[in-house]
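Breakdown of the fold
These are the residues of each chain, in order.
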Amino acid sequence: QVYMVESGGGSVQAGGSLRLSCAVSGLIFSIRPMGWFRQARGKQRELVASISNGGRTDYVDSVKGRFTISRDNARNTVYLQMNSLKPEDTAVYYCNTQPANMDYWGKGTLVTVSS
């Protein structure tokens, strides 16, 4: 059984920062590309950042220069450092493999950014 457990969300003012963590179990983490996804109310889930098993990163344009994805293979954990947060970043954030496996979605962690 694969588990993805996200944490680190919260409520911040615009311009603030948060660091999300995702603990992964049940698969060989070190060889899997990983992604952070988000779903705002009334919108489809979108990929915001990904990291290959070799550490190559990629970002959606709206978060480039503000978000940083990283991974710790020894801890089976993927992180998302979010700086200069904007109200439009408000969403539930999820991690998954990249591409996403529909069976791996966790509960996510809510990020709320107020103006």
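Summarised in this report is the structure supplied together with it. (Residues numbered from 1 in each chain as written. Predicted model: local features only at pLDDT ≥ 70, side-chain atom pairs only at ≥ 80, totals over all residues. Heavy atoms only, no water.)

Examining the sheet that holds strand β1 (residues 3-7)
Reading across from one edge, β1-β3-β8-β7 is the order of the four strands in this open sheet, with antiparallel pairing throughout. Single-partner strands in this sheet number two, and they are β1 and β7 (67-72). Taking each pair of neighbouring strands and ignoring which way they run, the sheet shows an average axis angle of 15°. As judged from the six bridges shared by strand β3 (residues 18-25) and strand β8 (residues 77-82), these two strands associate in the antiparallel manner. Note that in β8 the partner of L20 across the bridge is L80. (Pairing = 2+ DSSP bridges. Helix = DSSP H or I, 4+ residues; strand = E, 2+ residues; numbered from the N terminus. Axes fitted to C-alpha atoms, helices over the stretch in contact; angles between N-to-C directions.)

A closer look at the state of the cysteines
Following the criterion strictly, the structure yields one disulfide and no others. Here C22 pairs with C95 through a disulfide, and the sulfurs are 1.7 Å apart. Here the residue C22 occupies a position in strand β3, and C95 occupies one in strand β9 (residues 91-97), the gap between them amounting to 73 residues. Residues C22 and C95 agree in their burial class; the two are buried. (Disulfide = S-S within 2.5 Å. Buried < 20%, exposed > 50% of the residue type's maximum accessible area, 1.4 Å probe, protein only.)

Comments concerning the pairing of β3
On any regular strand, side chains alternate: one points to one face of the sheet, the next to the other face. Strand direction decides the pairing type here: β1 and β3, joined by five bridges, are antiparallel. Paired with Y3 across the strands is S25, a residue of β3.

What to know about the sheet that holds strand β4 (residues 34-39)
The strand order across the open sheet built from six strands is β2-β10-β9-β4-β5-β6, with neighbouring strands paired in mixed fashion. Strand pairing shows two members of the sheet lacking a second neighbour, β2 (10-13) and β6 (57-59), which therefore form its edges. The mean angle between the axes of side-by-side strands here comes to 25°, regardless of whether they run parallel or antiparallel. Across three bridges, strand β5 (residues 46-51) lies against β6 in antiparallel orientation. Bridged to I51 within β6 is T57.

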